[in-house]
Amino acid sequence: QVQLVESGGGLVQTGGSLRLSCAASGSIFSFNRMGWYRQAPGKQRELVATIYNGGRTNYADSVKGRFTISGDNAKNTVYLQMDSLKPEDTAVYYCYADLQSTFGFTNDYWGQGTQVTVSS
């Protein structure tokens, strides 16, 4: 079994910063990629950022230059540094991992979500 636990959400003013963390635990053999999605009220879930095995990253156009994704392989943890936050960044942020378990299966796993609210 694999679990993803997120932390770091909260309330911040426009222009502020937050850092989200997502720690993976359980029967993990290797990661293909990890990243973050977000879902605002009344909107579809959208991909925010991804980090691939090997370190390559990509970002949604709406967050490029403001958000930075990074990972710590030793801790099975991925981070999302969010700077210059805007009210439109308000959403529930979900961590995900595309990984292979020690049982040999590759699946997507999701965290429970953490609320980020940016006040104007």
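In short, a report on the structure. All figures in this text were calculated on a predicted structure; none of them were measured in a lab. (Residues numbered from 1 in each chain as written. Predicted model: local features only at pLDDT ≥ 70, side-chain atom pairs only at ≥ 80, totals over all residues. Heavy atoms only, no water.)

Before going further, it helps to spend a moment on the overall build of the protein chain. A tally of helices and strands in the protein chain yields 0 helices and 11 strands. For the protein chain, the C-alpha radius of gyration of 14 Å lies close to 14 Å, the compact-globule estimate for 120 residues. For the protein chain, the spread of C-alpha atoms along the three principal axes comes to 45 × 25 × 25 Å. Within the protein chain, the fraction of its 120 residues that count as buried is 42%. A separation threshold of at least 6 residues defines the contact pool for the protein chain, and within that pool the share at least 24 residues apart is 56%. Split by element, the accessible area of the protein chain, about 6,400 Å² in all, is 47% carbon and sulfur. Distance between charge centres in the protein chain, computed from 10 positive and 9 negative side chains, equals 2 Å. (Helix = DSSP H or I, 4+ residues; strand = E, 2+ residues; numbered from the N terminus. Rg over C-alpha atoms; globule rule 2.2 N^0.38 Å. Buried < 20%, exposed > 50% of the residue type's maximum accessible area, 1.4 Å probe, protein only. Contact = heavy atoms within 4.5 Å. Areas by Shrake-Rupley, 256 points an atom, 1.4 Å probe, with all protein chains shown as cover. Lys, Arg positive; Asp, Glu negative; His and termini not counted. Charge placed at Lys NZ, Arg CZ, Asp CG, Glu CD.)

Let us now look at the state of the cysteines. The full count for this structure, using the stated rule, is 1 disulfide. A sulfur-sulfur separation of 2.0 Å characterises the disulfide bridge that pairs Cys22 with Cys95. When the S-S torsion is -80°, as for the bridge of Cys22 with Cys95, the disulfide is left-handed. One end of the pair, Cys22, is in strand E3 (residues 18-26); the other, Cys95, is in strand E9 (residues 91-101), with 73 residues separating them in the sequence. The class for Cys22 is buried, based on a relative accessible area of 0%. According to the relative accessible area criterion, Cys95 is buried, its value standing at 0%. (Disulfide = S-S within 2.5 Å.)

For strand E1 (residues 2-7) and E3, the ladder comprises 6 bridges, and the chain directions are antiparallel. Considered in E3, the bridge of Gln3 is made with Ser25. When E3 meets strand E8 (residues 77-82), the two strands line up antiparallel, connected through 6 bridges. Note that in E8 the partner of Ala23 across the bridge is Thr77. (Pairing = 2+ DSSP bridges.)

Turning next to the packing of aromatic side chains. Applying the stated criterion to the full structure yields 3 aromatic pairs. The interplanar angle of 70° and the centroid separation of 5.2 Å between the aromatic rings of Tyr37 and Tyr96 together place this pair among those described as edge-to-face. Linking Tyr37 in strand E4 (residues 28-39) with Tyr96 in strand E9, this pair joins segments that are 59 residues apart in sequence. Overall, the relative accessible area of 2% leaves Tyr96 in the buried class. (Phe/Tyr/Trp six-rings, centres within 6.5 Å; stacked < 30°, edge-to-face > 60°.)

In this structure, the largest pocket encloses a volume near 220 Å³. Forming the boundary of the largest pocket are 15 residues, of which Phe31, Ile51, Tyr52, Asn53 and Asn73 lie nearest the centre. Mapped onto the lining of the largest pocket, the elements with two or more residues apiece are E4, strand E5 (46-52), strand E7 (67-72) and E8. The leading source of residues in the lining of the largest pocket is E4, at 4 residues. By residue class, the composition of the lining of the largest pocket is 5 nonpolar, 8 polar and 2 charged. (1 Å grid on protein atoms, 1.4 Å probe; cavity = no way out; pocket = protein on both sides within 12 Å on 5 of 7 lines; lining within 4 Å. Points joined across faces, edges and corners; volume = space filled by probe spheres on them. Nonpolar A, V, L, I, M, F, W, Y, C, P; charged D, E, K, R; others polar.)

By themselves, these are just geometric observations and shouldn't be taken as functional.
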